[in-house]
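# Topology and contacts: notes
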Amino acid sequence: MPAPPELTAANATHQLICQHVCRWTKTYAMPCHVLKAMPGDRVKVLVFGERHWRGREHVRRVRYVEAGRVRPVPASA
C-alpha cells in the first residue's frame with residue numbers, strides 16, 4: 001500500500017482567508033489542507049506560512065476556524 005502524500009504548502013488543496021487589521025486592513029490567503037469537519041460549522045486545517053510574508057511556507061500549524069473562511073484553491077488555467 002503506497003504511503004499517503006506529504007501535506008505541504010505546494011500541494012495545498014484550500015486557502016484560509018485572513019485579515020491583518022492595524023491602521024489599515026489587509027486581506028490575504030494562506031495555503032492549507034482541511035483535516036476534519038467539526039461540529040458547529042468549523043473545520044480543522046493545517047495552515048502553512050505566517051501572515052502574508054513570503055518565504056515562510058515551512059511554518060505549519062493546526063487551526064480550528066469557521067468553515068466560511070476556507071475556500072478551494074482556484075484551478076490553474
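Heads up: the structure comes first, above all this text.
A few points on the structure. (Residues numbered from 1 in each chain as written. Predicted model: local features only at pLDDT ≥ 70, side-chain atom pairs only at ≥ 80, totals over all residues. Heavy atoms only, no water.)

## Focus on the overall build of the protein
Stated precisely, the cut-off is as follows: Per the convention used, a helix needs a DSSP run of H or I reaching at least four residues, while a strand needs a run of E reaching at least two, with both numbered from the N terminus. Whether two residues touch is decided by their heavy atoms; if any such pair falls within 4.5 Å, the residues are in contact. Working definition of accessibility: Shrake-Rupley area with a 1.4 Å probe, residue cover restricted to the visible protein chains.
Summing up its helical and strand segments, the protein has zero helices and five strands in all. Long-range pairs, those at least 24 residues apart, make up 35% of the contacts in the protein with a sequence separation of at least 6. Of the roughly 5,800 Å² of accessible surface on the protein, a fraction of 54% belongs to carbon and sulfur atoms.

## Points about unusual backbone geometry
We note that Asp41 has phi near 60°; this positive angle belongs to a residue other than glycine. For Asp41, the location among the structural elements is in the loop between β2 (25–38) and β3 (42–48).

## Focus: the sheet that holds strand β5 (residues 70–72)
For clarity, the cut-off: Note on pairing: DSSP must find at least two bridges between two strands before they are called paired. Here an angle of 0 to 180 degrees is reported between the N-to-C directions of two axes, which are lines fitted to C-alpha atoms, with helices fitted over the stretch in contact.
Taken together, five strands build an open sheet; the order of strands is β4-β3-β2-β1-β5 and the sheet is antiparallel. Of all the strands in the sheet, just β4 (60–66) and β5 have a single pairing partner and so form its edges. Neighbour-to-neighbour, the strand axes of the sheet open up by a mean angle of 45°, direction not taken into account. Examined bridge by bridge, β2 and β3 share six bridges and lie antiparallel to one another. Directly across from Lys36, in β3, lies its bridge partner Lys44.

## Concerning the side chain of His33
Rules: Polar contact criterion, stated in full: a pair of N or O atoms within 3.5 Å, where within protein one must be able to donate a hydrogen and the other to accept it, and residues adjacent in sequence count only if both atoms are side-chain atoms.
Mapping His33 onto the fold places it in strand β2. A distance of 3.1 Å separates polar atoms of two side chains, one belonging to His33 and the other to Asn11. Among residues more than four places away in sequence, those in contact with His33 are Leu7, Thr8, Asn11, Ala12, Thr13, Lys44, Val45, Leu46 and Phe48.

## Notes on the nonpolar core
Cut-off, in case you're wondering: The definition of a nonpolar core used throughout is a set of buried Ala, Val, Leu, Ile, Met, Phe, Trp, Tyr and Cys residues joined through side-chain atoms within 4.5 Å. Note on exposure labels: buried denotes an accessible area under 20% of the residue type's maximum, exposed denotes more than 50%, and partly exposed covers the range between, all computed with a 1.4 Å probe on protein chains only.
Leu16, Cys18, Tyr28, Met30, Cys32, Val43, Val45, Val47, Val65 and Val70 form the largest nonpolar core, which has ten residues in total. Sequence-distant contacts of Cys32, that is, excluding residues within four places in its chain, are made with Ala12, Thr13, His14, Gln15, Leu16, Val45, Leu46, Val47, Phe48 and Val70.

## Here we look at a nonpolar patch on the surface
Quick note on the threshold: Every patch collects residues that have over 30% relative accessible area and no salt bridge, joining them within 9 Å if they carry like charges and within 5 Å if they are nonpolar side chains (Val, Leu, Ile, Met, Phe, Trp, Tyr). In the sections that follow, a salt bridge refers to a side-chain nitrogen of Lys or Arg positioned within 4 Å of a carboxyl oxygen of Asp or Glu.
Side chains of Leu7, Leu35, Val62 and Tyr64 sit close together on the surface and give an oily, nonpolar patch of about 340 Å² of accessible area. Mapped onto the elements of the fold, Leu7 is located in the segment before β1 (14–21).

## A look at the environment of Gly49
If you trace the backbone, Gly49 turns up in the loop between β3 and β4. Since its relative accessible area comes to 6%, Gly49 is described here as buried.

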